[in-house]
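Topology and contacts: notes
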Amino acid sequence: MGTRKNQSTLTAAEKAAFVAAVKALKANGTYDVFVDQHRTAFLAGVNDPAHGGPAFLPWHREYLRRFELALQEIDPDVSIPYWDWTVDRTAGASIWNADFMGGNGTGPGGRVMTGPFAFSTGEWTLTVLDPGDTDTFLTRAFGVMGSLPTQQGVNTATNIVPYDSPPWNRNSSTSTSFRNHLEGIIHNPGHMWVGGSMMAMSSPNDPVFWLHHCNIDRLWSVWQRENPGQNYLPPSGTPGVVDGHGLDDPMPPWNNEASPPMPRDVLDHHALGYTYDDEEPTQVVPLTVDAAPFTASIGQAGEIDAYSFVASTQESYVIETEGSTDVVAALYGPNDANALIAEDDDSGVDQNSRIARNLVPGTYYVRIRHYSSSSTGSYRISVRGSGLQPGIQTIQVNGPAVQGTLSAANERDLYTFTVVTPGSHTIETAGSTDCFLTLFGPNSQTTVITQDDDSGPGTNSRIVQNLGAGVYYVQVRHYSPTGTGAYSVSVRT
Ligand code: ZN
Ligand code: ZN
């Protein structure tokens, strides 16, 4: 598995190897075939398979991967590095040094005069040009046409869902289309800030194209990791979607190959054979329900911490973080680390996460990340069963009925009452919701005494039971696994 690294961390030897492989592809003609594919995509106008639509990210992922494999035929140790312009955002950044990408366009016509891709080297003559363009030298004009995205802008982008939205093009709302936000607000300014050749349909003529698009591809992978419940959109055949942009559409210009790549084929970049240097191998830490909070930290930007816990009884659980770090929690299960149940950013104290759910017995998984993909910090995490939860509601024996609502499928509401004087007790629901009662105790949330569905008026539940002194628990659920509704519950002697 090749690792794509932040270009600012490359050693001198790694930079030299990347430059040498790029120049070898230029010398043997392969490089300009790639430039032509990109120009051809743009020249298709409204039928562009690569820009202004959902396949913007899959198309460039496939395109970069093919370029990377071509580089690796020259030098198997080379991967495409990424340019994180939220950090390296000035003309003085090392990426523009003469040992790597070379500098700004300081010569006539914005010609690049330094580094391995200067025209004067005799090894970087542009042959694939936009219609009407005659400059055969690389040009740049840093900062003239735009400004580079900030980390705050990136955070906004990677928190947008869903992946894309109608009308599935450049007019898709940047608040409901992650793709159009990333393409229009984050990606385009990168081309514009570099300026010159990077503004053209044949922008891959500037080798920084690959580093810029590698960062865009990385941000897509960050979004995918942070939004595991979100999938590529739209499916093939969606009205108004340009050919090549549906999930199972073959992507031009590779659509005449024996097994042409489709967006579906490139969704998992690990399956394509590469990873990014900011991805952590996932180690799952087991948590114990009702144990003291576990102290951990987001030690690296973009890190995701994984936990598991076992819910041994059916009751409500609270997964909560503490501390001053703005973390986001996601809960998965039961017995499936990828079945998302709930995600929460700030329902806890301060900017902490808090997920409260009624859970059936099973193994559950929790993933914790920082709200900002560039920030780090420590936090504590705990899982509590409802036995220790101060929020568990008490029913007063012979007091008023307690109002409750089953607001979600499979919800279980838990109550407690205390018997001081032994004798016959009636536990009963009222209302038009078909409730199902389970009575536990004494002094146990797991020892079932009895259950009832419809012994009360209508479809209400009623349990009449002789009870000794002690603490009892009443669980209310809907008779139907998917049913919801309001009810009240009371205990009388
Ligand atoms: Zn492009
Ligand atoms: Zn681009």
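In this text the structure is predicted, and so the values were computed from the model without any measurement.

**Things to note about the environment of threonine 238**
- Counting through the fold element by element, threonine 238 comes out in the loop between helix H6 (208–226) and helix H7 (269–272).
- Distance from threonine 238 to proline 166, taken between C-alpha atoms, is 9.7 Å for residues 72 residues apart in sequence.
- Not counting residues within four places of it along the chain, the set of residues in contact with threonine 238 comprises Trp168 and Gly246.

**As for the nonpolar core**
- Of all hydrophobic cores here, the largest spans 57 residues; its most connected members are Ala157, Leu182, Val208, Trp210, Leu211 and Leu219.
- Among the secondary structure elements, those contributing two or more residues to this core are helix H1 (12–27), helix H2 (30–43), helix H3 (56–74), helix H4 (151–158), helix H5 (178–194) and H6.
- Examining the composition of this core, we find that 10 residues originate from one element, H6, more than from any other.
- Sequence-distant contacts of leucine 182, that is, excluding residues within four places in its chain, are made with Ala157, His187, Ile216, Leu219 and Trp220.

**So, the pairing of strand S6 (residues 315–322)**
- Taking burial as the measure, the eight residues of S6 include six buried ones, the bulk of the element.
- When S6 meets strand S9 (residues 354–359), the two strands line up antiparallel, connected through six bridges. Bridge pairing in S9 links isoleucine 319 to isoleucine 355.
- Where S6 meets strand S11 (residues 377–385), six bridges bridge the pair, whose relative direction is antiparallel.

**Quick notes on the sheet that holds strand S12 (residues 393–394)**
- The five strands lie next to each other as S12-S14-S19-S16-S17, forming an open sheet whose pairing is mixed. Of all strands in the sheet, those with a lone pairing partner are S12 and strand S17 (448–452), marking the two edges.
- Note: S12 against strand S14 (residues 412–419), two bridges, orientation parallel. Paired with glutamine 393 across the two strands is tyrosine 415, which belongs to S14.

**What to know about the packing of H4 against H6**
- For the pair H4 and H6, the least separation of the axes is 10 Å and the interaxial angle reads 50°. Overall, the two elements H4 and H6 adopt an arrangement that is oblique. As H4 packs across H6, the resulting crossing turns out to be right-handed. Contact with H4, carried on its side by Val154, Ala157 and Thr158, involves Leu219, Val222, Trp223 and Glu226 of H6 and no other residues of that element.
- Each residue belonging to the contact of H4 with H6 can be placed in one class, and the counts come to five nonpolar, one polar and one charged.

Analysis parameters
- Within each chain, residues carry numbers counting from 1 in the order of the written sequence.
- Following the order in which they are written, the chains are lettered starting with A and the ligands numbered starting with 1.
- pLDDT decides what is reported in this predicted model: residues at 70 or higher carry local features, side-chain atom pairs at 80 or more are listed and counted, and totals for whole chains, interfaces and linings draw on all residues regardless.
- Helix and strand labels come from DSSP, where a helix needs a run of H or I of at least four residues and a strand needs a run of E of at least two; each type is numbered from the N terminus.
- Placing C-beta atoms from the backbone, we regard two residues as in contact once those atoms come within 7 Å.
- By our criterion, buried Ala, Val, Leu, Ile, Met, Phe, Trp, Tyr and Cys residues that link up through C-beta atoms within 7 Å make up a nonpolar core.
- In this scheme the burial state of a residue depends on its C-beta neighbours within 10 Å: 20 or more other such atoms mean buried, 12 or fewer mean exposed, and anything in between means partly exposed; the C-beta positions come from the backbone.
- Think of it this way: DSSP has to see at least two bridges between two strands before they count as a pair.
- Where helices are involved, their axes are fitted lines through C-alpha atoms of the stretch in contact, as for all axes, and angles between N-to-C directions lie from 0 to 180°.
- In these notes the angle categories are as follows: under 35 degrees is roughly parallel, over 145 is roughly antiparallel, 65 to 115 is roughly perpendicular, and the rest is oblique.
- The crossing is said to be left-handed when, going from far helix to near helix, the turn is anticlockwise and less than a right angle, and right-handed when the turn is clockwise.
- Residue polarity is assigned by list, with Asp, Glu, Lys and Arg as charged and Ala, Val, Leu, Ile, Met, Phe, Trp, Tyr, Cys and Pro as nonpolar; anything else, Gly included, falls into the polar class.

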